[in-house]
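The primary structure of each chain is shown beneath.
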Amino acid sequence: MNLTEQISAHVEASAERIANTLCDLLAFPSIVKVDPREAGPGERDCQLYLQQRLASLGMETDLWDPDGPALYAKYQGRPGANKGRTFEGRPNLGGTLTGAGGGKSLMLTGHIDVVPPGPPEHWLTDPFVPEIKNAAVYGRGAVDMKGGVACMLMAVELLQDLNIRLAGDVVFTTVVDEEIGGMGSLAMVDRRFRADAGIMTEPTANRISPICHGILWGRIILDGIGGHAELTPNSWDSSGPVDAVTLCRQMLDGLDVLNRRWQTQPSKNHPLMELPNQVIVTQLKVGEHPASIAGRAEIVIDVQYLPAEKDEMGLGGNVKKEIEAHVAKVCALDPYLAKHPAKVEWILDADCAEIAAEHPFVTTFQQGVTDAALNPQLAGFGAHSDIGLPSTLGQTPTVNFGPGDPAMSHQPNEHVPIADLVACTKAIALTLVRWCGVAS
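The rules behind the values
Residues numbered from 1 in each chain as written. Predicted model: local features only at pLDDT ≥ 70, side-chain atom pairs only at ≥ 80, totals over all residues. Heavy atoms only, no water. UniProt positions renumbered as here; feature names shortened; annotations may be inferred. Pairing = 2+ DSSP bridges. Helix = DSSP H or I, 4+ residues; strand = E, 2+ residues; numbered from the N terminus. Axes fitted to C-alpha atoms, helices over the stretch in contact; angles between N-to-C directions. Contact = heavy atoms within 4.5 Å. Expected span 1.5 Å × (residues − 1). Buried < 20%, exposed > 50% of the residue type's maximum accessible area, 1.4 Å probe, protein only. Core = buried A, V, L, I, M, F, W, Y, C linked by side-chain atoms within 4.5 Å. Patch = residues over 30% accessible without salt bridge, like charges linked within 9 Å, V, L, I, M, F, W, Y side chains within 5 Å. Areas by Shrake-Rupley, 256 points an atom, 1.4 Å probe, with all protein chains shown as cover. Salt bridge = Lys/Arg side-chain N within 4 Å of Asp/Glu carboxyl O.

For the protein, the name recorded in an unreviewed UniProt entry is Probable succinyl-diaminopimelate desuccinylase, with Candidatus Pantoea symbiotica as its organism. Annotation of the protein in UniProt includes, under Pathway (unreviewed entry), the sentence "Amino-acid biosynthesis; L-lysine biosynthesis via DAP pathway; LL-2,6-diaminopimelate from (S)-tetrahydrodipicolinate (succinylase route): step 3/3." Taken from UniProt, the Catalytic activity (unreviewed entry) comment for the protein reads in full: "N-succinyl-(2S,6S)-2,6-diaminopimelate + H2O = (2S,6S)-2,6-diaminopimelate + succinate".

Structural data, given as structure tokens:
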């Protein structure tokens, strides 16, 4: 039995250990808070658990609460720099397993924060009491992305079981804040955790994804004129009222026009992405009282952009201008909005990255994935992930690769098949051997 066969057989025989490790992680309610100054109830405990696992592998570990204001002052205007973040009780974790020497280093990275589970009646199980059933692990974060974190941990652990010492270093990092902006990854890179290449174990259905979208969150504010809903209105250019619900409909129609244009616009499409860039309406807030004409509407949007569209700061400034110009055109078509145009406020700008398909790590990873009997064809990651920060600022070319159906992310009854976990762990372990080399 050759080394690839030994590793594959050991990983397959360890399916229960891999699943149980994920269950351990899911039991920590490491929920990211809407107010990022507040610690999630299980963030620190989850990182302490992982620190103990890393220490047992002989890794030198670093657990720290980032200094949010200092980071913002240092990186203001750059990717990942979000104002108002504090990290007390929200630690990042890093670990380094020093190799024997002479090999390339690899960083395995992920986030341990999860989104809130939503209404409990939407779940068939308790989201933070993990269950194994139907050959899958159920719980909030099983897909996004504690499943990937469990796999990258187990890949290192299972290689040690086989007394395989790597020539290159293995760097292991888990961060907070990913689900609300990515400043945890900025703190990790600022802490100088880096390697010759990296794998971020976001859910990709075990496909190598060397590209992700950048994301803009914005708020379009439409001010009408409130009034009694049941009485005859005055003219829009005297006292009104002017219905903000109607103004909202007009703006939504205008955004639909932009999405239709983007469907075939070359700059909004990428050969690895299944869908073109989109302006997605995620929240609406309209009206003040059941018997009153709405005086204000707010439309919250989620806008995607590609790495080729980034501005000089590595962010989505060019696309912001594009959205603002389109909103102004929609307003210009309406006499009221021409005099009282909508305002666009930007909430978040999360950057993106693309690693070239011919990069040596990408081709090496494809070989490792092939060894694990998975599809080596590259695919796009339609959502945002944090690969931009280690890839650009950290000079660690990083790709996405992780277990689970990405569409299950943030859903009730989130679950990942154990077979996906095993396959992912196998692919990472085999790639560690190929990329880092084995000590003689």
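From this point, things continue past the structure.
A. The arrangement of the sheet that holds strand β4 (residues 131-133) in detail. Spatially, β4-β5-β15 is the arrangement adopted by the three strands of the open sheet, whose pairing is antiparallel. The strands lining the two open edges of the sheet, one partner per strand, are β4 and β15 (415-417). Averaged over neighbouring strand pairs, the angle between their axes works out to 25 degrees when direction is ignored. Bridge count for β4 against strand β5 (residues 136-138) is three bridges, and the pairing is antiparallel. Paired with E131 across the bridge in β5 is Y138. Where helix α2 (residues 15-26) meets the sheet, its contacts fall on β4, β5 and β15, and the angle it forms with β5 comes to roughly 10 degrees.

B. Layout of helix α5 (residues 146-161). Here α5 spans 22 Å end to end across 16 residues, near enough to the 22 Å set by a 1.5 Å rise per residue. Burial analysis of α5 places 14 of its 16 residues in the buried class, the great majority of the element. Of the residues trailing α5, N163 is marked for its positive phi of about 60 degrees.

C. Structural context of the nonpolar core. In this structure, L106, L108, V137, F401, I428 and L432 are the most contacted members of the largest nonpolar core, which totals 83 residues. With near-sequence residues (within four places) excluded, L432 lies in contact with L106, L108, A155, V156, L159, L166, V170 and G437. Of all hydrophobic cores here, the second largest spans 33 residues; its members include C248, I299, V303 and V319.

D. Quick look at a nonpolar patch on the surface. On the surface, a nonpolar cluster with roughly 270 Å² of combined accessible area is contributed by V245, V281, L284 and V286. With three residues, the top contributor of residues to the nonpolar patch is strand β10 (residues 279-286). Take V281: it is sitting in strand β10.

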